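# Descriptive structure summary
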2 protein chains.
Amino acid sequence: MKTLILVTHPNYDESNTQSFFKEACSELETVTIYRLAEYKATEVLVLQQLIRETDRLIFQFPLYWYSCPGELKIWIDHLWTPTLYQQNLVGKELGIVVSTGVSEEAFQAGGQEKFTLSELLRPFEALANKSKMLFMPIFSLANFNYLSEEEKKVILINYQQYLTKINSPQFKIKEQWFIDNLKKKNKMIQTDSLAQVIHQLEENQDYLLSLQDSLAEMKEEL
Amino acid sequence: MKTLILVTHPNYDESNTQSFFKEACSELETVTIYRLAEYKATEVLVLQQLIRETDRLIFQFPLYWYSCPGELKIWIDHLWTPTLYQQNLVGKELGIVVSTGVSEEAFQAGGQEKFTLSELLRPFEALANKSKMLFMPIFSLANFNYLSEEEKKVILINYQQYLTKINSPQFKIKEQWFIDNLKKKNKMIQTDSLAQVIHQLEENQDYLLSLQDSLAEMKEEL
């Protein structure tokens, strides 16, 4: 399964959040990051081809006045031609990775921002509907610079899953994602403790409850 | 009361809808139209000053992928500095004039577009909230090119009211708007029939119910 991230950030190179996301993608072979800077008509055909070839498309951006930065919207206005959305996107997934400068609790009725991120990002859900794509739950990340290292590790895994995990209600598939990714990691860092975790995971595939505990332990060890 | 319209349209000069809106504004002295084309940093200060001096700010655009065209969002990203929204907008009104290529009924649960315009344009409502502005009901115009001349006349009056009428639940203020505007029109076109309508309106100010009938008649005569 191929994933394409279209990322827009007015100060991409200085953003700690975007560096973190970029680093998290570096070990994922099926994920391509494409930075959308100022609109250039000459790039449209290349990008449309990339979009056609992907299975999961991600828009990644910081929330700017309750939506994406204007640069991304200009790109969407030009990329989403009838040929693209009527023929080439059916059944694919559309995900949103959004970073915010205020806490998640602010985005609710009665909260500081009054509306949820799901409400504010409805235009993207509508775009997915129109293109007959599956709209994924929004992946949001608040106040990155204030997170502890422990919190960042958990977010790293969640983010990598958001990009590459096959979406299924079955626990087995979630579990398989962990086994596959730990095997890859093991090749790179060669530690015995990871090999043990993998072995343990494979042994216990029939015991979902005990597996959930292992997953929690494993997160701590990473 | 001063009104400033910030209008964005990728083909402004060829748009029948925008010509219609422009024509409707031509006789309104308190209304200024400012066209936002490609973003230019040199215009920011001038525009911020115009926004500071207005009482009612209107964003006017065609709905492009369930939001404003990207060009407008880029302008908002640059104009809405903390100095502007924390100090200069409190208590002012923010309105949206949006034209759509599909019918109004499409924008509802179960409809073709699934979401209402109120839902899709939440980011603008959130912008108003953050700036402590009053968010006006959205003014939407669907399928302009298919409207009859009669329908366009009604929309013309509704649009002019949206731009200039003091918002109040009192019927008296709505009525005064008609009297004032008919007086201006009368000066320009000098017809006896309009003078009679004005006279009748002024005579009957105490009889709200009969006035409503007059208003309906007047709309037909225009």
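Residues numbered from 1 in each chain as written. Chains lettered and ligands numbered in written order. Predicted model: local features only at pLDDT ≥ 70, side-chain atom pairs only at ≥ 80, totals over all residues. Heavy atoms only, no water.

### With respect to the confidence of the model for chain A
Averaged over chain A, the pLDDT score is 89; the fraction of residues at 70 or greater is 87%. Predicted complex, confidence summary: ipTM 0.81, pTM 0.82. (pLDDT = per-residue confidence, 0-100.)

### As for helix H1 (residues 16–25) of chain A
Residues and elements named next belong to chain A. Along H1, the residues classified as buried are Thr17, Gln18, Phe20, Phe21, Ala24 and Cys25. Looking straight down H1, one finds its buried side chains confined to an arc of 155 degrees; they lie on one side. The opening residue of H1, the one whose side-chain oxygen lies 3.4 Å from the backbone nitrogen of threonine 17, is serine 15. (Buried < 20%, exposed > 50% of the residue type's maximum accessible area, 1.4 Å probe, protein only. Helix = DSSP H or I, 4+ residues; strand = E, 2+ residues; numbered from the N terminus. Arc of directions from axis to C-beta. Polar contact = N/O pair within 3.5 Å; in protein donor to acceptor, adjacent residues only side chain to side chain.)

### Remarks on the relation of the copies chain A and chain B
Put simply, the two copies of the chain differ by a rotation about an axis and a shift along that axis. Once turned by 180 degrees and shifted 0.0 Å along the axis, chain A lies on chain B with an RMSD of 0.1 Å. The transformation just described matches what one would write down for a two-fold rotation axis. For chain A, the smallest separation between a C-alpha atom and the rotation axis is recorded for glycine 70 of chain A, amounting to 2.4 Å. (Least-squares fit on C-alpha atoms with pLDDT ≥ 70 in both.)

### So, the pattern of salt bridges
Pairing is possible between side chains of opposite charge, provided their charged atoms come close. Residues and elements named next belong to chain B. If you walk through the whole model with that rule in mind, you get 16 salt bridges over all chains. The salt bridge partner of glutamate 93 is arginine 56, with a shortest N-O separation of 2.9 Å. On the criterion of sequence distance, the pair formed by glutamate 93 in strand E4 (residues 93–100) and arginine 56 in strand E3 (residues 56–62) is long-range, its members being 37 residues apart. The exposure class of arginine 56 is buried, given its relative accessible area of 0%. Salt-bridge contacts for glutamate 150 lead to lysine 153; the nearest nitrogen and oxygen are separated by 3.7 Å. Separated by 3 residues within a single helix, glutamate 150 and lysine 153 lie in helix H7 (residues 149–164), roughly one turn from each other. Residue glutamate 150 is classed as partly exposed on the basis of its relative accessible area of 46%. (Salt bridge = Lys/Arg side-chain N within 4 Å of Asp/Glu carboxyl O.)

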